[in-house]
Amino acid sequence: MPATAKAPCALPRLPDLPTYADLEAAYYARGAVIVACDAARQLAVDVHQGEHDDEDAWLRALP
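Residues numbered from 1 in each chain as written. Predicted model: local features only at pLDDT ≥ 70, side-chain atom pairs only at ≥ 80, totals over all residues. Heavy atoms only, no water.

**Q** Sorry if this is basic, but what is going on with the state of the cysteines here?
**A** Between two cysteines, a covalent bond joining their sulfur atoms is known as a disulfide. In the structure shown here, the tally under the stated rule is one disulfide. The residue that forms a disulfide with Cys9 is Cys37, at a sulfur-sulfur distance of 1.8 Å. Since a negative S-S torsion denotes a left-handed disulfide, the Cys9-Cys37 link at about -90° is left-handed. Of the two residues, Cys9 sits in the loop between helix H1 (3-6) and helix H2 (20-61) while Cys37 sits in helix H2, which places them 28 residues apart along the sequence. When its relative accessible area of 26% is taken as the criterion, Cys9 is described as partly exposed. Judged by relative accessible area, which is 14%, Cys37 ranks as buried. (Disulfide = S-S within 2.5 Å. Helix = DSSP H or I, 4+ residues; strand = E, 2+ residues; numbered from the N terminus. Buried < 20%, exposed > 50% of the residue type's maximum accessible area, 1.4 Å probe, protein only.)

So, in structure tokens, the structure goes:
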């Protein structure tokens, strides 16, 4: 499996002594990072699977 599919996401953290605005901003930023990270992981898995499917099709086509 590609490293991208196994890499952890780097999530934004709250600063020391956060305000309510910091909490709101971190909440939305974390959501955006999670969506982007999940999309990157899924793309890596799909490409990996596609490569294996192509190899299998090629091997079946050999005489």
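Text resumes after the structure shown.
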